[in-house]
Amino acid sequence: MDNAFIARRPWAATLIAFVFGPFIAMLYIGRGRLALVYLSAGILVSAILLYFLPQLIMLGTDAATVWLAALPVTLVGMVHTHWQAQQRSPDEPLPQYSRWFVLTGLVLAFPLAALLIRSFLYRPFDARSGSMGPTIESDDYFLATKFAYGGHPPQRGDVVVFRAAYNGQRYVKRVVGLPGERIQLKDGIVFINDVPVPRRHVGDESVDCLAATPCHVPIYEERFPGGRTARVLDRYRSGGDDTGVFVVPQNAYFVLGDDRDESLDSRSAEIGFVPRDAIRGRVDYKYVAGGHWTWQRVH
């Protein structure tokens, strides 16, 4: 048994095909051309699944169901690898790509690359609520840039991902107030240092309000100091439309959801001011929106 992985035993090759896939298993027994065939088949299946992934997400398909779609290739590969290993002569020389260090490198390369990207460059997230509509709707998927604030602090108007101290949950909101500023809302209008943020009506959004026909919610464009703009929803009169004055502490930020009447944000005691070290990244692009692949810049 100790020599199984050196001698390329059929059962060991079959186990590798199940755990790591037929591509690695065929390399393990020295069948490079067949390995390329299974690599191509895996890429094709992955491309098909990726193409339909937004629709599968909208249907609530879980990861296990998606994995089952690729199972036939794995099962065929297991049987094929077992048969190829049986046909292989024990004296047959092994190619360099069948060596243990090459196979180990291939097995580790993709997860390590994904880990490095998620840790230092970009991380994918999904919107679990519609509190950032119309910018980011529920079930949209987006990328947060992890290195965005390596050389400078968050800017007003940035959409950021952060973890709330009170429950450790992840939230996505827009930075409105900077350290040292006074923030207040009056009749839904944002005041920064006692100066109102100008806004204008730019359209309406149809939303499901459990009525016979969709309801229309006004969309306003706010223009912050410095010129950056954001589109926000104003559904109805709510308790968050009129607040006291919030004085933003140093190294912290005041954040709001773009769907102002349906957002838990810095106006609430649960979220409060967001410390700089709680911010995990800046949202730059959406790649799934409305059940379809897209590539939209998030402003």
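For the structure, check the block above.
Figured I'd write up the structure that's included with this text. (Residues numbered from 1 in each chain as written. Predicted model: local features only at pLDDT ≥ 70, side-chain atom pairs only at ≥ 80, totals over all residues. Heavy atoms only, no water.)

1. Digging into the overall build of the protein
Here is step 1: Helix and strand counts for the protein stand at seven helices and 15 strands.
Here is step 2: Since a compact globule built from 299 residues should have a radius of gyration of about 19 Å, the 26 Å found for the protein marks it as more spread out than a globular shape.
Here is step 3: By its C-alpha atoms, the protein is 85 × 50 × 30 Å across when sized along the principal axes.
Here is step 4: By residue count, 40% of the 299 residues in the protein fall in the buried class.
Here is step 5: When the accessible surface of the protein is summed, it comes to about 16400 Å², and 62% of that surface belongs to carbon and sulfur atoms. (Helix = DSSP H or I, 4+ residues; strand = E, 2+ residues; numbered from the N terminus. Rg over C-alpha atoms; globule rule 2.2 N^0.38 Å. Buried < 20%, exposed > 50% of the residue type's maximum accessible area, 1.4 Å probe, protein only. Areas by Shrake-Rupley, 256 points an atom, 1.4 Å probe, with all protein chains shown as cover.)

2. Here's the deal with the side chain of K173
Here is step 1: By the element assignment, K173 lies in strand β4 (residues 170-177).
Here is step 2: Notably, K173 is buried but unbridged: the nearest opposite-charge side chain belongs to D265, and the N-O separation is 5.4 Å.
Here is step 3: Of note is the side chain of K173, whose polar atom sits 2.9 Å from the side chain of S131.
Here is step 4: Looking at K173, its side chain comes within polar contact range of the main-chain oxygen of L264, at 3.3 Å.
Here is step 5: The contacts of K173, once residues within four sequence positions are left out, are S131, M132, D158, V159, V160, F162, V255, L256, G257, S263, L264 and D265. (Lys, Arg positive; Asp, Glu negative; His and termini not counted. Salt bridge = Lys/Arg side-chain N within 4 Å of Asp/Glu carboxyl O. Polar contact = N/O pair within 3.5 Å; in protein donor to acceptor, adjacent residues only side chain to side chain. Contact = heavy atoms within 4.5 Å.)

3. Side note on unusual backbone geometry
Here is step 1: G133 connects to P134 through a cis peptide bond whose omega is 5°.
Here is step 2: Along the polypeptide, P134 turns up in the loop between β1 (122-126) and β2 (141-145).
Here is step 3: One non-glycine residue, D139, lies in positive phi territory at about 75°.
Here is step 4: If you trace the backbone, D139 turns up in the loop between β1 and β2.

4. Structural notes on the sheet that holds strand β10 (residues 229-233)
Here is step 1: Read across the open sheet, the three strands follow the order β8-β9-β10; overall the sheet is antiparallel. Lying at the two open borders of the sheet, with one neighbouring strand each, are β8 (199-207) and β10. Strand-to-strand twist of the sheet, defined as the mean angle between neighbouring strand axes without regard to direction, takes the value 30°.
Here is step 2: Here eight bridges tie β8 to strand β9 (residues 215-223), and the two strands are oriented antiparallel to one another. The partner of R200 across the bridge, within β9, is E221. (Pairing = 2+ DSSP bridges. Axes fitted to C-alpha atoms, helices over the stretch in contact; angles between N-to-C directions.)

5. Digging into a nonpolar patch on the surface
Here is step 1: Side chains of L116, I117, F120, L121, Y122 and F147 sit close together on the surface and give an oily, nonpolar patch of about 590 Å² of accessible area.
Here is step 2: With four residues, helix α7 (residues 100-121) is the single largest residue contributor to the nonpolar patch.
Here is step 3: For L121, the location among the structural elements is in helix α7. (Patch = residues over 30% accessible without salt bridge, like charges linked within 9 Å, V, L, I, M, F, W, Y side chains within 5 Å.)

6. Side note on the side chain of D158
Here is step 1: With respect to the helices, strands and loops of the structure, D158 is situated in the loop between β2 and β3 (159-163).
Here is step 2: Within the structure, D158 has its side chain in polar contact with the side chain of Y149 (distance 2.6 Å).
Here is step 3: One polar contact links the side chain of D158 to the main-chain amide nitrogen of Q155, over a distance of 3.0 Å.

The values reported here are purely geometric and, on their own, carry no functional implication.
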